[in-house]
Amino acid sequence: MQLEATNVLNPFSVVVLPTTKARSVFPGFPLLNPSASIKPSGDNPLPLQKMSSLILRRSSLLSRNPSLSRHFLTGLSSSLSKAHSHHLLPSNHGLKVLASGCHFPANNITGSSSVSVGTSKFSCGSQLGIINSLCGRLFGSQAAVEPSTSDGLTVEGILANQWTIFEESESDWKSHASAIAQSIHVIKRRLQWKSLIVRLEMLSAQLDKPDLWDDPVRAGKISREHGSLMSRMKEVKAFEQELLEHIDMIKLAREEDDADLQSESMKALLEMRRSAKEKELEAMLSGEHDSCSCFIEVQAGAGGTESMDWASMVMKMYKMWAQRHGYGVTIVDEMPGEIAGIKRATIKVDGEYAYGYAKAEVGVHRLVRCSPFDSAKRRHTSFSAVAVIPILGDTSTHVQINESDLRIDRFRAGGAGGQHVNTTESAVRITHIPTGVTASCQNERSQHQNKASAMTVLQARLDQLEMARQAQMNAQHTQSLTEISWGNQIRTYVLHPYRMVKDLRTNYEVSDPDSVLEGDIDSFILSFLSSALDKDEDYS
Amino acid sequence: MRLGLARRSLSMFPPILTRAYSVQPISRTSISPPPASLKPQTPLFLRPPTHSATISDLLKWQKWAKTLASSVGSHFTHLDDGPDTTLLHRELNWLLQDALENPKLPLSHVGTNEVVKLRAEMEDLYVLWKQRIEERRPFQYVVGCEHWRDLVLSVEEGVLIPRPETELIVDLVGGLVKENEELREGLWADLGTGSGALAIGIARILGPFGSVIATDLSPVAVAVASYNVQRYNLQDKIEIKLGSWFEPLKNVKGQFVGLVSNPPYIPSNHIRGLQAEVAKHEPRLALDGGSNGMDDLLHLCHGASSMLKRGGFFAFETNGEKQCKFLVDYMQKECDGSFCDVDIVSDFAGNKRFVTGFSGP
Ligand SMILES: C[S@@+](CC[C@H](N)C(=O)[O-])C[C@H]1O[C@@H](n2cnc3c(N)ncnc32)[C@H](O)[C@@H]1O
């Protein structure tokens, strides 16, 4: 194959490879996807033929343009340099390479390929604004090289330029570049870039320890986390790299008056701009357990039938939301109210990222309306608490449960049982004696299945408890129902005297409660998730 | 024979509409070969989806059925510990699931004019639900199956609907065979197998050489159990025999490594007072344990030691604490040392339910 042949001949083609990786966005979550025109993964934005011809052209361009070749080398080195492997760079490459690992100072670049080795960490990038210098420091310690174009433009530099962003249809490379750079900025913030790097460094250090595999479970955990964070970081870096390359290409095309290459690169930039928006969304769900399925639990507050009715409305809202997204919904546990509604209920929501989204719903939901259960039709306020529990996919992270620590009781049992009674009711409650945590299930059709299902709830609850215990290490965890205080209101639904739903955390509001109660809650979820992640200004 | 008549065709899928005939107790002496017409019914969820209805018709039925169930309130519960509205609503959902070709379909998201495929006619669904509420026909006979452990067993009038309590016997056996190869690879007996529940549950946890012989006096039970065994493709592991208790097992005396049974244990004069679903619809042969309910248990007790190999395991289900204690006492006093490690095990409701032990001193 031609591409492979070029690879062998030309090591610089390495930098192009990341662009061929188009990860599919939001598996199992089509509705949240802002653009319907997402390419299936593997559908390369640049056809293979064109790619390789581009590479060939580049290599011929490179020989004519020393500054570009230095850029490519930078790209190569950054793509080779894993967090702890920068020293793996070949030593006989014949070109001077930064050894300190500090990024190229923009003001130093003159088009020559030699860069002084001893550049101070703190001076580098100082003209590109605070963010850049912060990054510089960090990357300095990371010994990663900040990628830049041949004339020294970095992603931070693009941001600092504050080029106007026009509509996508405007064929203006600066506008595209600026939009993409902003997305990269958002993505890094959402990924908590700095913490990510610190964590990666810590994990790498652990991986390097010779006694690591003495505890294989822990070792597996560390190496899995390292791998997943690493791939996340690499993906962003590759994206940055790709942006800069296209800019180089455009500049080059202009110099050479190559209309083909220019329009090619412009198209590629536009592609990037679109996928950048998807990546922004994707980055919102980068929490450790975000991709898990989950349980959603709703509990009615005080206030009798009206409040139990509200709890069942909230539960219905989630069922419909989940169904809209193609998630599997199973009722696990349900305690109906005497007259209407539910006292509490648990549903299982099966599908990718169910937890990542649903976790935005944790807290107390408040309803104001004229109660249909009040003969005087007075206005009532009621509350429902919502808890969301991830169902950890990785069984090795599960809390170990000893069979002997469990007590299993038949629910609503009484009387002689056995042959005396024929009932389809076979609910059980499992109590974990050491913690007092219980779980029950009554909606399966056999006792055995009720028990199995209650066991998964119990497992998830115990896992969540353990996560809460480790909360300092494991930044994100959602509260269980017992932890949610009734003061912790997150959203108000008013049906009377006016109509609106307002999120108290983001102030996001809509004036159509009906559609919200029918499960149209995505905009609430997204606005909360983004506000929660985006308030940290500096990627902390 | 009466049973044959009860099964006479009425409509295209007759058995599901079989009226809730109370199956008359079969006299214990009249062991006749199963009549040729004894063909087990296909549970609703396995019938071909050859019928259809619009969503709006289905929703109409659902609404009607829900209202009917709501009218019950806790009336049955007060009357005889029967089902209340909540439970009936849950059953209604299950009936719908079993009747729909695609049970996962959320009806609320489909246009009301759309047509869905059903496994029973719309009219049948009305009749079935009426039977459930008005005649107290057990839900499991209505849909023709019972979910038991991880199994879905076919059941019909004439066969006891397996109880959740009984599931535990399989767990007990499971715990034993995990650690004991002889038990895992040996021959087991399930006496009075009914739908075949215990035999199938146990056969699935035995090793490749383990097998089960199951017996029942009721030809309907034998037919249904055979059907269930085939559904789980266990015909090589389970043999079903018609006959009274140990009688069909004469030629394998002393060869069993395990023996389980849930024999009839209700005292005769209690039966009339039981919940309507049981008293009016389940076979008396499966329930009636004689004047104090111990007739069959004692009979099994006597036979067990000669059937079992040394070290073989047995588990009997009983009516509760009284019978458990009586049985343990009896074994210790009367069976002079043919059993050891005799124990009482409770069910999840906290009732002393099972007597277990091993043969030989
Ligand atoms: C309580 S039911 C148990 C059925 C099944 N083992 C279960 O647990 O679901 C008792 C069973 O014993 C059968 N039975 C009654 N008398 C019998 C006898 N003399 N010999 C064999 N089986 C008998 C009944 O037909 C019935 O199927």
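What you are looking at is a predicted structure, and each value in this text was computed from that prediction instead of being measured.

Caption draft 1: Up close: the overall build of chain B. The secondary structure content of chain B amounts to 14 helices and eleven strands. The buried share of chain B, reckoned over its 361 residues, is 58%. Considering only contacts in chain B between residues 6 or more positions apart, those separated by 24 or more positions represent 71%.

Caption draft 2: Broad picture of the interface of chain A and chain B. With 30 residues of chain A at the interface, the matching set in chain B holds 43 residues. For chain A, the biggest contributors to the area lost against chain B are Gln419, Asn422 and Arg445 of chain A; these three give 32% of the whole. Across the chain A-chain B interface, the total number found is three salt bridges. In this assembly, chain A and chain B are joined by 20 residue pairs in polar contact (both at pLDDT 80 or more). If you list the elements that add at least two residues to the side of chain A that touches chain B, you get helix 10 (304-324), strand 6 (406-410) and helix 12 (447-469) of chain A.

Caption draft 3: Expanded view of the sheet that holds strand 6 of chain A. All names here are of chain A. One open sheet holds the three strands; their spatial order is 6-7-8, and the pairing between them is antiparallel. Here the strands that pair on one side only, and so sit at the sheet edges, are strand 6 and strand 8 (437-441). When strand polarity is set aside, the average angle formed by the axes of neighbouring strands in this sheet is 20°. Sheet topology places strand 6 next to strand 7 (residues 428-432); five bridges connect them, and they run antiparallel. Bridging across to strand 7, Arg407 finds its partner in Thr431.

Caption draft 4: Summary view of the site of the ligand. All names here are of chain B. If you check the shell around the ligand, you find 17 residues, and the closest are Gly192, Asp216, Trp245, Asn262 and Ala286. Here a nitrogen atom of the ligand and a side-chain polar atom of Ser244 are 3.0 Å apart. At 2.9 Å, a side-chain N or O of Asn262 approaches an oxygen atom of the ligand. Relative to its unbound accessible area of 590 Å², the ligand is 98% covered by the protein chains. For the shell around the ligand, a count of residues per class yields seven nonpolar, nine polar and one charged.

Caption draft 5: Layout of the packing of helix 3 (residues 55-70) of chain B against helix 5 (residues 85-99) of chain B. All names here are of chain B. Packing of helix 3 against helix 5 leaves a shortest axis separation of 9 Å and a crossing angle of 155°. It follows that helix 3 is roughly antiparallel to helix 5 by the angle criterion. You can see that helix 3 and helix 5 cross each other, and the crossing is right-handed. Of the residues in helix 5, those touching helix 3 at Leu58, Trp61, Gln62, Ala65, Lys66, Ala69 and Ser70 are Thr85, Leu88, His89, Leu92, Asn93, Leu95 and Leu96. For the contact of helix 3 with helix 5, a count of residues per class yields eight nonpolar, five polar and one charged.

Caption draft 6: Looking closely at the pairing of strand 3 (residues 342-350) of chain A. All names here are of chain A. Note: strand 1 (residues 293-300) against strand 3, six bridges, orientation antiparallel. Within strand 3, the position partnered with Cys294 by the bridge is Val349. Relative to strand 3, strand 2 (residues 328-336) runs antiparallel, the two being bridged by eight bridges. Counted as the bridge partner of Gly328 is Asp350 from strand 3.

Caption draft 7: Geometry of the packing of aromatic side chains. In total, this model carries ten aromatic pairs over all chains according to the counting rule given. Each ring, one from Trp163 of chain A and one from Trp173 of chain A, has its centre 5.4 Å from the other, and the planes form 75°; the classification is edge-to-face. Of this pair, Trp163 of chain A sits in the loop between helix 5 (155-161) and helix 6 (173-190) while Trp173 of chain A sits in helix 6, and the two are ten residues apart along the sequence. The pair Trp163 of chain A / Trp173 of chain A is uniform in exposure class, with both members buried. A network of ring pairs unites the aromatic residues Trp188, Phe313 and Phe358 of chain B as a single cluster. Here the guanidinium or amino end of Arg505 of chain A rests over the ring plane of Phe528 of chain A, the centre of that ring lying 3.7 Å away. One cation-aromatic arrangement involves Arg136 of chain B over Phe76 of chain B; the distance from NZ or CZ to the ring centre is 4.1 Å.

Caption draft 8: Seen up close, the packing of helix 7 (residues 193-208) of chain A against helix 8 (residues 216-256) of chain A. Residue and element names in this part refer to chain A. Contact pair helix 7 / helix 8: the axes reach a minimum separation of 9 Å and the direction vectors enclose 140°. By the angle between their directions, the pair helix 7 and helix 8 is classed as oblique. At the point where helix 7 passes helix 8, the crossing takes the left-handed sense. Contacts from Trp193, Leu196, Ile197, Arg199, Leu200, Leu203, Ser204, Gln206 and Leu207 of helix 7 reach helix 8 at Arg218, Ile222, Ser223, Glu225, His226, Leu229, Met230, Met233, Val236 and Lys237.

Caption draft 9: Spatial organisation of the side chain of Gln323 of chain B. In this fold, Gln323 of chain B is placed in helix 14 (residues 321-334). The exposure class assigned to Gln323 of chain B is buried, which follows from its relative accessible area of 6%.

Caption draft 10: Region of the structure containing the state of the cysteines. Taken as a whole and judged by the stated rule, the model has zero disulfides over all chains. Of all cysteine sulfurs, the one in Cys294 of chain A lies closest to Cys292 of chain A, which takes part in no disulfide; the gap is 8.9 Å.

Caption draft 11: Spatial organisation of the confidence of the model for chain A. Confidence in the prediction for chain A averages 75 pLDDT; 69% of positions are at 70 or higher. Here residues 1-143 of chain A is modelled with pLDDT under 50, and outside its nearest four sequence neighbours on either side it reaches 210 contacts, counting other chains as well.

Caption draft 12: Quick look at the nonpolar core. Judged by nonpolar contacts, the single largest core of 53 residues is most densely connected at Ile296, Tyr318 and Tyr357 of chain A. No other element matches the ten residues that helix 10 of chain A contributes to this core. Not counting chain neighbours up to four residues away, the residues in contact with Tyr318 of chain A comprise Ile296, Val298, Ile347, Glu361, His365, Val386 and Ile521 of chain A. Residues Val428 and Leu458 of chain A together with Leu153 and Val257 of chain B belong to the second largest nonpolar core, which totals 49 residues.

Caption draft 13: Layout of helix 9 (residues 259-284) of chain A. In this model, helix 9 of chain A (26 residues) spans 38 Å end to end at C-alpha, consistent with the 38 Å of a helix rising 1.5 Å per residue. A distance of 3.1 Å separates the backbone nitrogen of Asp260 of chain A from a side-chain oxygen at the start of helix 9 of chain A, and that oxygen is part of Asp258 of chain A.

Caption draft 14: How the structure looks around the sheet that holds strand 9 (residues 308-317) of chain B. Residues and elements named next belong to chain B. Ordered in space as 7-6-5-8-9-11-10, the seven strands form an open sheet in which the pairing is mixed. The sheet is open, and its two borders are formed by strand 7 (238-242) and strand 10 (339-346), each paired with just one other strand. Ignoring which end each strand starts from, the neighbouring axes of this sheet average 15° apart. Where strand 10 lies against strand 11 (residues 352-359), six bridges are found, and the strand directions are antiparallel. Looking across to strand 11, one finds that Asp343 is bridged to Thr356.

Rules and cut-offs
- What you see as residue numbers is a count from 1 along each chain, following the sequence as written.
- The naming scheme follows written order: chains are lettered A onward, ligands numbered 1 onward.
- With the structure being a predicted model, the display of local features is reserved for residues of pLDDT at least 70 and the display and counting of side-chain atom pairs for 80 or more, all residues being used for whole-chain, interface and lining totals.
- Remark: hydrogens and water are excluded; side-chain values derive from all non-hydrogen atoms of the structure.
- Only DSSP runs of H or I reaching four residues or more are called helices, and only runs of E reaching two or more are called strands; each is numbered from the N terminus.
- Three labels apply to residues, based on accessible area from a 1.4 Å probe with only protein chains included: buried if under 20% of the type maximum, exposed if over 50%, partly exposed otherwise in between.
- Contact definition: two residues touch when any of their heavy atoms are within 4.5 Å.
- Here's the idea: put two parts together, see how much 1.4 Å probe accessible area each one loses, and the total over both is what we call buried area.
- Here, a salt bridge means any Lys or Arg side-chain nitrogen found within 4 Å of an Asp or Glu carboxyl oxygen.
- Residues adjacent in sequence count toward polar contacts only when both atoms are side-chain atoms; beyond that, a polar contact is any pair of N or O atoms within 3.5 Å, and within protein one must be able to donate a hydrogen and the other to accept it.
- The pairing criterion is simple: DSSP has to find at least two bridges between the two strands.
- Comment: axis = line fitted to C-alpha atoms, over the contacting stretch for helices; angle = value between 0 and 180 degrees taken between N-to-C directions.
- Here, proximity means that at least one heavy atom of the residue falls within 4 Å of the molecule or strand.
- Only the protein chains shown count as covering a residue, and every accessible area follows the Shrake-Rupley method with a 1.4 Å probe.
- Amino acids outside the nonpolar list (Ala, Val, Leu, Ile, Met, Phe, Trp, Tyr, Cys, Pro) and the charged list (Asp, Glu, Lys, Arg) are all regarded as polar, and Gly is one of them.
- The labels follow the angle: roughly parallel below 35 degrees, roughly antiparallel above 145, roughly perpendicular from 65 to 115, and oblique for the rest.
- For any helix crossing, the convention is left-handed if the near helix is rotated counterclockwise from the far helix by under a right angle, and right-handed if that rotation is clockwise.
- Ring geometry is summarised as follows: Phe, Tyr and Trp rings, the Trp one being its six-membered ring, pair when their centres sit within 6.5 Å, and such pairs are stacked at plane angles under 30 degrees, edge-to-face over 60 and tilted between the two.
- Look at NZ for Lys and CZ for Arg. If either is within 6 Å of the ring centre and within 35 degrees of the ring normal, a charge sits over the ring.
- Disulfide: a pair of cysteine sulfur atoms within 2.5 Å of each other.
- The predictor reports its confidence for every residue as pLDDT, a score running from 0 up to 100.
- Only buried residues count toward a nonpolar core, which is a set of Ala, Val, Leu, Ile, Met, Phe, Trp, Tyr and Cys residues joined through side-chain atoms within 4.5 Å.
- Multiplying 1.5 Å by the residue count of a helix minus one yields the expected span of that helix.

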